Amino acid sequence: MRKSVLMLVVFMVLPLAVISQDIKNIDFISPFYDGLAAIEKNGEWAFIDETGDIVVDYRNDLVLNSLGDESYPVFDSGRCLIVKKEEGISYFGFIDKEGNTVIEPQFLNATSFNNGKAIVLQLHKSVIGENDILDKRMIEYSYTKNIINVSGEVIMYLSERPTHVTLSKDYIRVPPKIGAKFISNKLIAIKHDDNKWIIRKVNESNQ
C-alpha cells in the first residue's frame, strides 16, 4: 500500500516538474542561429538550445547584432561576441556555447564570426622610452585590422600600417570603426582612408 502511494505521488510530481521548466516573462526571442536562440529578460540576454533548455545563462555583456529592424546577440561558428569595459574603454572578445570566455576581451572592435572568421582591431603596446622625471615608461599604442579564426589566431593581416591611438576614454569614446566586411566566404572588402573600397581574397593560412 505504501509503495503504491509513493508511485502515485511520483507520477503527480513529474508533470509539475516538466511544467516548472517553462521559461517565462521573456521580452524577446530571436530566431535560431548556429543551433541557439537569444532570449531577453529585463535587459539581460541568455541562449536556449532547440529543446528549450538555457545553455548560456542571463548576462549583460553580449554584443547585439542589427538584423533587419531588430538587434540581438547571435552565435556563429560556436562563438558569440562579448564586450568588457575597463577605464571607460570597450574591449571585445568571444564566448563559446557553454558561456565560457574562449577569446579574452582584448580587441578595440570586432565583428561576429562568419563561417569561422571574424574581423578584429587588435591592440598593440610598445615601450618607446623612459621618463626619468616621472620615473615611468613611455608607452605607445596602435592597432591593426586582422582576420582571426575561432581560436583567436590571426590568419590574415588587413592593415597596410598600424593606426596609432591614444588609449584613453577621452579619445576612444566609442569603438573605432572596423572599415571592412566579408562579402562572401572567400572575399573581403576593405575601406581605405580615401573612402574607396578594395576587394581582396581571403587567405586562410597564417601570414
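Below or above, wherever it landed, is the structure these notes cover. In this text the structure is predicted, and so the values were computed from the model without any measurement. (Residues numbered from 1 in each chain as written. Predicted model: local features only at pLDDT ≥ 70, side-chain atom pairs only at ≥ 80, totals over all residues. Heavy atoms only, no water.)

1. Here's the deal with the side chain of N109
Definition in use: Working definition: helices are DSSP H or I runs of at least four residues, strands are E runs of at least two. Numbering for both runs from the N terminus. Residue contacts are counted whenever heavy atoms from the two residues lie within 4.5 Å of one another.
Mapping N109 onto the fold places it in strand β9 (residues 101-110). The residues touching N109, leaving out its near neighbours within four places in the chain, are F92, I119, V120, L121, P175, P176, K177 and I178.

2. What about the sheet that holds strand β15 (residues 187-191)?
Condition: By the convention used here, strands pair only if DSSP detects at least 2 bridges between them. Lines fitted to C-alpha atoms define the axes, with helix axes restricted to the stretch in contact, and inter-axis angles between N-to-C directions lie between 0 and 180 degrees.
Spatially, 3 strands are ordered β14-β15-β16 in an open sheet, and the strand pairing comes out antiparallel. This sheet does not close on itself; its edge strands, each paired only once, are β14 (180-182) and β16 (197-201). Along the sheet, successive strands turn relative to each other by an average axial angle of 20 degrees, direction set aside. One ladder, built from 5 bridges, connects β15 with β16; its direction is antiparallel. When the bridges of β16 are listed, K191 appears paired with W197.

3. Describing the environment of E98
Rule in force here: Note on classification: 1.4 Å probe, protein chains only; a residue is buried when its accessible area is under 20% of the maximum for its type, exposed when over 50%, partly exposed between these limits. We define a polar contact as two N or O atoms separated by no more than 3.5 Å, with the added condition that, inside protein, one atom must be a possible hydrogen donor and the other a possible acceptor, whereas residues neighbouring each other in sequence contribute only through side-chain atom pairs.
Considering the arrangement of structural elements, one finds E98 in the loop between β8 (89-95) and β9. The exposure class assigned to E98 is exposed, which follows from its relative accessible area of 63%. For E98 and V56, which are 42 residues apart along the polypeptide, the C-alpha to C-alpha distance reads 5.8 Å. If we ignore the near neighbours within four places in the chain, the residues touching E98 are V55 and V56. Within polar-contact distance, the side chain of E98 engages the side chain of N100 at 3.3 Å.

4. A short note on the pairing of β15
Relative to β15, β14 is paired through 3 bridges, and the arrangement is antiparallel. Looking at the pairing, K181 lines up with A189 of β15. The turn joining β15 and β16, which pair antiparallel and follow one another in sequence, is formed by 5 residues; a positive phi near 65 degrees is taken by N195.

Geometry only, nothing functional implied.
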